[in-house]
Structures are given as structure tokens and as C-alpha cells.
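Listed here are the chains, written in short residue letters.
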Amino acid sequence: MDPSAILQRLQDRFAAAIVGAKLDVIDPWIEVRVDSLPEVCRYLRDEPELKFSLLHCITSVDYFEPDAKKAAKVDWQPHLELVYHLSSLVNRHRMVLKVMLPRWKNDRPGQLPEAPTVSGIWSTADWHEREVFDLGGVIFTGHPDLRRILCPEDWVGHPLRKDYQMPDEYHGIRVR
Amino acid sequence: MDMQPLDPAMAEFDVQTDEILINMGPQHPSTHGVLRLVLRSDGEVVTEVTPHIGYLHRCAEKIGENVSPRQWIPYTDRMDYLAGMNMNLGWALCVEKLLGMEVPEKARHLRVITCELNRIASHLVAMGTYGLDLGSFTPFTYAFREREKILDLFEELCGARLTLSYITVGGVTSDLPAGWLERCEGFLQEFMPIIDEYHAVLTSNEVFIRRCANVGVLTADAAIDYGCSGPVLRGSGVDWDLRRDGEPIYTRTYEGYRFEVIAQTNGHYPQDEDYPPVPRAAVLGDSWHRFYVRMLEVVQSVKLVRQGMDFYRRAAGSCGEPVKLSQKLPKGEAYLETEAPKGQMGFMVVGDGSAIPWRVRARSSSFCNLSAIGPLCRGCLIADVPAILGSLDIVLGEIDR
Amino acid sequence: MAEYLAQYITPPWLAYLLVALVQCVLLLAVAVVVAGGYTWVERKVAGRVQDRLGPTRVGGRFGWLQALADGLKLLCKEDLVPGSADAMLFRMAPYISFCASFSVFLALPFADGWVAQRLDVGIFFILAVAGVEVFGVILGGYASGSKWSLFGAMREAAQVVSYEVPLALCAVIPVMAAGTMDLVSIGQMQTGWLSNWLVFHDPFTFVTFWVYFTCATASVNRAPFDLAEAESELVAGFLTEYSGFRWSIFFMAEYASMFVVSGLAAILFCGGWNGPLPITSWLGLTADNGPILAFLGNFLGACNFTAKACLGMIVMVWARWTLPRLRIDQVMTVCLKYCVPLAAAMLLGAMLWTYTWPNGLILKSVRLLPAASQTPAVSTASAPGAH
């Protein structure tokens, strides 16, 4: 099934939840409203003609330019993207799902944005969401075990945020 | 195996023993690097396994946001350091996908030759260390004996043995040195008969079969659910190999090549009369099948290398021009997965119009394969933990990135 | 010897003490040389099995002095006792192991009469004392204060205690065929041709020999039964916290007991110090022709015996470097489901066979010495307390 057909099906089924799509790029993607992510994902996995049984990867992309001079030139508003790469082993097609999040919850710096977990739908998401939480700073609500996975448990900050400041020392050890 | 007594009243009359927590790793002979597994065990029976990773985290993705794509190639070498070529290829193809580039014929065949050689080397390490995990030291030396010869070939090709950085965005860094193809053919000729030796010392060894048949059974559905890939997925009987089923930009690399995807379908492996029979004790998806798939893939890789050398001899032209460091990346993003020896290695690159990627992402196959270890090890014996872990064939450099 | 000396030295106990001391030193030398030489053999055999050379540098072309170099290195290492260990038990454990496996040498005849203590119950003594070795391992594992060590110790306890049963059953069978527990007498019985060896006494002893060898491998913790160490699972099992000299003492104990079980196999089944052909009697190297020729004959016998024991050890090495390790449940299954019933069945069969054909079925070749029905002669070396 090609991306436009998938988009059509999703729009027919979840009219309001499909916020946007871009099909004329290298990896066509469909944007889903954050709160309806689990039901869309469950549908994508279970619908026989879609059967997206394999979740490859969850990626967070931070769109934020700390440099004010450069920030003036960019053509986007600061935000955070979650990118889900899916494919179907049975139907041999693939798709990209995106969720847009604010960089901070309620625009209050320090408050991590929230997205619902999909770890109940694909077990792959369990560790990937932990990684996104660890490095990208997104809280996945309903995740069974949301801990840091790559950084130490008491690490401060989320390194893949563009405004991340590397600490000078960690437990008295110089890290810079 | 469910360790809960069926009747709770039974437990009261049974001997009550305390559970203990054991740290397996980060310094442990069979955790394949710096992996830490916390085992909750009741005597020899493991009730829960909690993996802790991140000891080898080197911020590869963050570094990728600060260097140009070609400069990031050496960092990919250090992910799955047992299969540097395949890592290079994954990243190079991903960037080429974003740039919309095509590599010349010659470079394409060179990529296949080196990647498949590296796949053989990686599977040899998997086989040898699996023997170690099960307490048999000898297969390890046999495997490394042959692997050394592959590394010698690589050394001649690009000067490095592990961190190769040979495949690059836009092609490969250099053409083959004179006489390399003959030496490679010589290696393949002496390697093929040795595979039977490996089968004798492990695959069909009775003790080996008893140690890993029906141990750590991963069903096909669970394997897909956990995002397992590569030999782990195919060992569960899923006929899925990105070299055949991947995205066009990747499968184009293997265009014209003939090979079998090694997975048991309808109770048979492809050409299974040539190999030791599947023992009766083995269950599809167990450690033995994962091991067997790797052993059979080695033969397919040898075939691919041979074909690649034939194609290479006939191909004309250059072996590709590496892109400039100042090459601007177009706005947009590209994600590509390739079939590395350990499974599907995915790379994602987001371009913002400058020469430095906005975001780089590496999706590791071992990361997903390892995440299945919790349910796989539930209720097994302590001795089975290395047996299961070894059959997943993880590399911590790739997991922690 | 002691009686002879006692005529000249007063008080007589001093003579006994002196003789005992000489014997101890000699046997200690044997044990240590066996361990040292054997590490070299193991490295070389392992090297060849694995398609490499093994040691080649230390002490000449074949790395003869590798064992010595290793020993020196181990002596130079720091004697570490972990903070959470029970220091006294931790320090004591290697010696217990070593003493047990060394004491066994006291009753092990190297040739006709060449035994420190000829005991009427020699085989019983050996099995009993060799079993004590496990205490050192359990203590070491327990006292280390490490969970891995504890696992190793518990495995060792379970395994060795289980394997003692089939091992003893297997040892009883040749004893029954011979009619004595005195190892020297058992050895004397097998003098002559190959067909006199107890392994060829009847079909049951032949099967028993293989069962015995399996159980012996398991009871000395050699691969594929080396679960107490199991480096891929338990780091190093009970040895995890040991380093340097204490480690090497455990190591020597292991090699010494390997030698003992292999030697026991030689005595019980494979003719002891007697070759496949009665060469010593052809050459006239017997006690009838004077002490010097008898000594020469015994010397040949001792070489023969050592060679047989070493062959057994080499087979153990060969198995170790070929087979993967069994799992603990499989080890117990092998013992309880296969070895014990098999040994018991063989015991029954051998009993019936001996009852039916007391003199054996196979035509016996020339017997040079009286059969086992006679009371064993008192050895010259036996101390007063032996009877």
C-alpha cells in the first residue's frame, strides 16, 4: 500500500487525529495528534491490510536554534518531533509517523513534554522510549519503567536537546 | 517455565529459600562487553533478568550533530566494531539517500564484497564466542584463525583491521590493491571446507545441542514485537532479510546477486541437505536455531563474495568519489535500515541545508535484540543466561553508541 | 625399610618418623612435579587441539619451563583476601583441598610394593580421603563472601557428593573380581598378559571402566563437568576471589586428584604397573632374581604406571578442550539417571559372573605371582599401624 492510500485510510478512520502529512519527501510521513497516538498505532498494527507489526525506531528531533542570529533565519517554530518508523513484514510496506510536541510542557522551561507510550503495542518501544526520554527529554505517560537507559540514573539534562549544557563535572569528576 | 507453584498451599510445605540478586557484569567473561545483568535467582533458577546498559555510551548521535557526514564514518566503525564495513555502508547509504546520490558500479560491488566478508568475520566471532559461552574454548580459536585472514585482507585494503572506514559517502575510499582478488579467492577456497569442521565441533555436537536446543525460545510474533532482526528474527522462522526486502536504495546494491535468505520455512532450511540436520530436540526460535542461521549465512556470504568478485572484474569505471566535507545536505530527513550481521542497522539523518546534519540517529539491532532478554531468560538456569545472551550475538558498542 | 632402620636407630620411633618424612617428601615431589609437568602437557595438548603451538619460548623450544615461570609469577602475586571474606577459612581452604588430594598418594602403589602405606583397605582409604577435597572447595567458596564463589561451592558439593556414589560402585566391581581391597594385591593379580587386566575380566568390568572414567572426570571437576569453575557462567566459581599462591594450591590439588583418579583407573582396571606384555618376567626382573633386578623391574613398573595415569589425564584434557560444558541439571541427570543405574547393573552382573566362573572365562596366561585368594603379603614399607 503506498503512502497516500495509507493516509486515506487513516483519514477515513480518524478524521481529526490526522493533523498533517507530507508525501512528496524522501520518507513520506503522516502526523498524528499526540493524544490519539495509541489508538492510531493500535489500528496500524492490527488492521489486516496495514499490519505494521514492526516498529523500527523512535527518534526525537529537537527543532530549536540556540543561536539568536541563526534562529531568525529558520523557517520553523521551535518544537520537538517524535518520529516513528514502521513497517509491515506481511504486506511489505513501510511508513513514518510523526508526533509534534512543544519543547516544554505548557511552555515552562524544565517541564518535559508528554506523549502517550506505545510500549503496550510494540515491545520495541519500551527501550526506545526510555532512550528518547533519556536523551531527548520526553515523558511517555503510561510507560511501565521510564528510567534513563544510556546515561547514569542521576544524570542531569537531556543531551540531545539543542540547548543542552554539558555539565562541568559529574560526582567530582571533570567531564569537560 | 513458570516458577510459581501451582497451588499456593504447596509452597508452605516446600523448603523456603531466599531469592538472591546477582550482578552479572559489567565485568563478566560472558556478557560480551560491558553489559550488566541483574539476575534475581532462586538457587540456580533465574526468575528475572534486568539488563543495565550504557557503560559504553560515547554520545555518537550528539557527535554526529557536530561533524559532517563523512567525518562521522569512523564513529560508525566503533558501533558494531566487529562489522565496521556494514556500519559504514548503512550510514553511507543513508546519507546518499538524502543526497539522492548513486554510486558507480565498481563501488557497488566493492561494497558487497567487503560487507559480506565482514559478515563472515562477524558470524565467526559469534560462533567462536558462543562456544566460549558454553564452556568450549576450541571453536573460538578455530573461528579467530579464519577471521584473522579476513582482517588481513581488510588491512591490505584500507590499513585498518577493525575500524575500517573503507566505505564512505559516495563510494569507497580506494580501489583494490593488485592481487587482492586472488588472495581473497584463495581464502574462500580454504575457508569452505573448514565450515564442516565448525559444524563438527559445535553445530552437531551432542553436548552443544543439549545446551542450546529448546533454550531461550523466541516465537516469531515475540521476535517481531521486540523488533528483533537479523539472525535472531530469522532463527524464529521469519523469512525476512533486508538485502532482499529492504528499501530500493539498499536492495539496488545487491541487484544481480543470487543468494538464499536463511530461515526455516515449512520446516526446512534452504538447501538443508548440505548441512547437518536439525536435531529433534531443537525448537524453532531457540538458541540452536539462531546459531544455525548464522552458520548457514556464512555460506551464503561466501557465495555473494564470489559473485561480487566476478561482477567487479567485469565492471569498468571508477570506484566512486567521496563527497566533499563541505557538501551541503538538503533540508529533509532520510531513514534507512540495512542488513548488518547482527540485524537491521538503521541510520537517520536530518539535513537543514548546511554541511552538518541537524540530527543523526542510529537504530541499533543489538539494542532491540537485547531488549528481548528479559522474557527469554525468565525461569531458565544460570548457565542458560550466557547461552541465551550469546545466541543473541550482541555488541555493546552498538547498543550504547 | 622402617623395621630395618629401627634395628640401628634408637629410639625406634625415630626410624619410623624418618622413613615417613622421606616418603612424604618424595610423594610431595611427585605431586608437585605431576602438577607442574601436567600444566605444561595441558598447554601443549590444548595448543595442538586448537591448532596453535602452545608455549614455545620459556626454557627452550618447547617451553619446558613454562610451568615454573607460571609458578614464580603466582608466588610473586599479592595474597589478597577480600574484605567481606571469612579470612581464616579463606586462607585455610586451599590447604584442606591440597592435603586431601595429597594424602591419597600415601596409599597409591606406583609399583609392586612401592607404596608409602600398604593398606588392606587401600581403595577405601583413597575414595574416602579424596572425597575430603570437596570440603576445601566448599569452604573456599563459602568463605570468599562472593555469590559467584558460593554458587561454585554449592555446585561442587552437589556434584561431587552425587558422583561419589557411582564412583564407589564402580570401584567395588574390580575389588569384587579381585577379592581384596588392597591395591597392591589387585595390581599383583593383573601381572602377565593384557588379558589379565581386570578391564578384560568380564564384559561388566569393561563397561564399568568407562563409567568409572566418566565419574572420575566429574568427581575431579574436569570439563565437561567443571561446573564449580564454569568461567563463562560463574566468573571462576569458587576460585573467583583467590589469587596467587592460594590459587595455585587449589590448582595443584586439582591436578593431583586427576592423577590419583587416573592412577586408580590404571590399578583397578588396566593392570596397574604391569605392561600389556609380561616383559619384566621375560627379562627376569623379578624378586626371585635378587633385589637389584627386582628394583629395576619395579622401576619399569612405576614408569608404566605413571604413563598410564598420564594417558588418563591426557584423555581428560582432550575431552576438556573438545566438549562444551554441561548444565548443572544435565550433570546430575548423567549421574543419577545413567551412571548410578549403570554401575549398579554392572555390579550385579559382575557379581553373577564371578559367582558362575570364579576363575574367569578367558584363558589366563602364565601367572607369575599367587592369585588374590592368598592373604596379601605384608609390605616391607608398611608401618605398624597399617593392620
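Cut-offs and rules
Residues numbered from 1 in each chain as written. Chains lettered and ligands numbered in written order. Predicted model: local features only at pLDDT ≥ 70, side-chain atom pairs only at ≥ 80, totals over all residues. Heavy atoms only, no water. Helix = DSSP H or I, 4+ residues; strand = E, 2+ residues; numbered from the N terminus. Buried < 20%, exposed > 50% of the residue type's maximum accessible area, 1.4 Å probe, protein only. Contact = heavy atoms within 4.5 Å. Polar contact = N/O pair within 3.5 Å; in protein donor to acceptor, adjacent residues only side chain to side chain. Core = buried A, V, L, I, M, F, W, Y, C linked by side-chain atoms within 4.5 Å. 1 Å grid on protein atoms, 1.4 Å probe; cavity = no way out; pocket = protein on both sides within 12 Å on 5 of 7 lines; lining within 4 Å. Points joined across faces, edges and corners; volume = space filled by probe spheres on them. Nonpolar A, V, L, I, M, F, W, Y, C, P; charged D, E, K, R; others polar. Buried area = accessible area lost by both parts, 1.4 Å probe. Salt bridge = Lys/Arg side-chain N within 4 Å of Asp/Glu carboxyl O. Expected span 1.5 Å × (residues − 1). pLDDT = per-residue confidence, 0-100. Axes fitted to C-alpha atoms, helices over the stretch in contact; angles between N-to-C directions. Left-handed = near helix turned anticlockwise from the far one by under 90°.

A. Here's a closer look at the overall build of chain C. Regarding its fold elements, chain C presents 13 helices and zero strands. Secondary structure elements of chain C, listed N to C terminal, follow the sequence α-α-α-α-α-α-α-α-α-α-α-α-α. Among the 387 residues that make up chain C, the fraction classed as buried is 51%. Here the contacts in chain C between residues at least 6 apart in sequence split such that 77% fall between residues at least 24 apart.

B. Quick look at the side chain of C:Gln330. Following the sequence through the fold, C:Gln330 ends up in helix 13 (residues 328-356). Of the residues examined, C:Gln330 reaches a relative accessible area of 10% and is grouped as buried. Of note is the side chain of C:Gln330, whose polar atom sits 2.9 Å from the backbone oxygen of B:Arg210. Ignoring sequence-local partners within four residues, the contact set of C:Gln330 consists of B:Arg210 and B:Arg211.

C. Layout of the side chain of B:Asp384. Inspection of the secondary structure puts B:Asp384 in helix 16 (residues 384-392). The buried category is assigned to B:Asp384, whose relative accessible area is 6%. Residue contacts for B:Asp384: discarding those within four places in its chain leaves B:Arg211, B:Val215 and C:Arg327.

D. Structural context of the nonpolar core. Residue and element names in this part refer to chain B. Among the nonpolar cores identified, the biggest contains 138 residues, and Ile 53, Trp 72, Leu 117, Tyr 166, Trp 180, Phe 191 and Leu 370 are the most heavily contacted of them. The leading source of residues in this core is helix 13 (residues 287-314), at 13 residues. Sequence-distant contacts of Leu 117, that is, excluding residues within four places in its chain, are made with Ile 150, Leu 153, Phe 154, Trp 180, Cys 184, Phe 187 and Val 305.

E. Broad picture of empty space enclosed by the protein. Residues and elements named next belong to chain C. Counted according to the given criterion, the structure contains seven cavities of 30 Å³ or more. The volume enclosed by the largest cavity comes to roughly 140 Å³. Lining the largest cavity are 17 residues, and of these Ala 130, Gly 131, Glu 164, Ser 219 and Val 220 lie nearest its centre. Broken down by secondary-structure element, the contributors of at least two residues to the lining of the largest cavity are helix 5 (122-143), helix 6 (147-178), helix 8 (203-219) and helix 10 (244-268). Counting residues per element, the lining of the largest cavity draws most heavily on helix 5, which supplies six residues. Residues that form the lining of the largest cavity fall into these classes: eleven nonpolar, three polar and three charged. Quantified by volume, the second largest cavity comes out at close to 110 Å³. Looking at the second largest cavity, it is lined by 14 residues, and the ones nearest its centre are Glu 133, Val 137, Asn 221, Phe 238 and Glu 254. When residues of the lining of the second largest cavity are traced back to their parent elements, those giving at least two are helix 5 and helix 10. With five residues, helix 10 is the largest single contributor of residues to the lining of the second largest cavity.

F. Just the interface of chain C and chain B, in detail. Tallying the contact residues gives 23 residues for chain C and 33 residues for chain B. When the buried area of chain C at its contact with chain B is split by residue, C:Phe151, C:Pro324 and C:Arg327 rank highest and sum to 25% of it. Remark: the boundary between chain C and chain B carries three salt bridges. Ionic pairing is found between B:Asp384 and C:Arg327, a salt bridge with its closest N-O pair at 3.1 Å. Looking at the side of chain C that touches chain B, the elements with two or more residues in it are helix 6, helix 9 (231-234) and helix 13 of chain C. The residue makeup of the side of chain C that touches chain B, split by class, is ten nonpolar, four polar and nine charged.

G. Representation of the arrangement of the chains. Of all two pairs of chains that touch, the greatest number of contacts is found between chains A and B. The smallest C-alpha distance separating chain A from chain C is 25 Å, and no contact links them.

H. Fine view of the interface of chain A and chain B. Between chain A and chain B, the residue contacts involve 42 residues of the former and 42 residues of the latter. Scanning the region where chain A abuts chain B turns up eight salt bridges. The partner of B:Asp245 in a salt bridge is A:Arg92, with the nearest N and O atoms 2.5 Å apart. Sorting the residues of the side of chain A that touches chain B by element identifies strand 3 (54-63), strand 4 (79-87), strand 5 (94-101) and helix 4 (124-136) of chain A as the ones contributing at least two each. For the side of chain A that touches chain B, the element with the most residues is strand 3 of chain A, which contributes ten residues.

I. Broad picture of helix 10 of chain C. With 25 residues, helix 10 of chain C should cover 36 Å at 1.5 Å per step; its first-to-last C-alpha distance of 36 Å lies within 8% of that length. For helix 10 of chain C, a buried count of 22 out of 25 residues is recorded, marking the element as mostly surrounded by other parts of the structure.

J. Spotlight on the environment of A:Arg9. All names here are of chain A. Examined against the element boundaries, Arg 9 turns out to sit in helix 1 (residues 3-13). Residue class for Arg 9 comes out partly exposed when judged on its relative accessible area of 22%. Distance in space between the C-alpha atoms of Arg 9 and His 143 is 28 Å, their sequence separation being 134 residues. For Arg 9, the residues in contact, after removing those within four places along its chain, are Met 1, Tyr 43, Glu 47, Glu 49 and Leu 50. A distance of 2.7 Å separates polar atoms of two side chains, one belonging to Arg 9 and the other to Glu 47.

K. Representation of the layout of surface pockets within the structure. Residues and elements named next belong to chain C. Considering only enclosed or pocket space, the second largest pocket measures out at about 1300 Å³ in volume. Looking at the second largest pocket, it is lined by 46 residues, and the ones nearest its centre are Thr 39, Arg 43, Trp 247, Phe 251 and Tyr 255. At the level of elements, helix 2 (12-49), helix 3 (66-76) and helix 10 are the ones that each hand at least two residues to the lining of the second largest pocket. In terms of residue count, helix 2 provides more of the lining of the second largest pocket than any other element does, nine residues in total. Grouping the amino acids of the lining of the second largest pocket by side-chain chemistry returns 22 nonpolar, eleven polar and 13 charged.

L. View of the pattern of salt bridges. Residues and elements named next belong to chain B. According to the stated counting rule, one finds 62 salt bridges over all chains in the structure shown. For the salt bridge of Arg 361 with Glu 61, the shortest nitrogen-to-oxygen distance reads 3.0 Å. Taken together, the positions of Arg 361 in strand 8 (residues 359-363) and Glu 61 in helix 2 (residues 60-64) put the pair 300 residues apart, joining distant regions of the chain. When sorted by exposure, Arg 361 lands in the same class as Glu 61, which is buried.

M. Representation of the confidence of the model for chain C in the model. All names here are of chain C. The predicted model of chain C has a mean per-residue pLDDT of 80, with 90% of residues at 70 or higher. Summarising per-element confidence for chain C, the mean pLDDT is lowest in helix 1 (residues 2-6) (68) and highest in helix 8 (88). Note on residues 363-387: pLDDT under 50 across the span, and 42 contacts to partners over four residues away in sequence or across chains.

N. Molecular detail of the packing of helix 10 of chain C against helix 12 (residues 291-320) of chain C. Residues and elements named next belong to chain C. Contact pair helix 10 / helix 12: the axes reach a minimum separation of 8 Å and the direction vectors enclose 115°. You can see that helix 10 and helix 12 cross each other, and the crossing is right-handed. Touching Tyr 255, Met 258, Phe 259, Val 261, Ser 262, Gly 263, Ala 266 and Ile 267 of helix 10 are Phe 305, Thr 306, Lys 308, Ala 309, Gly 312, Met 313 and Met 316, all from helix 12.

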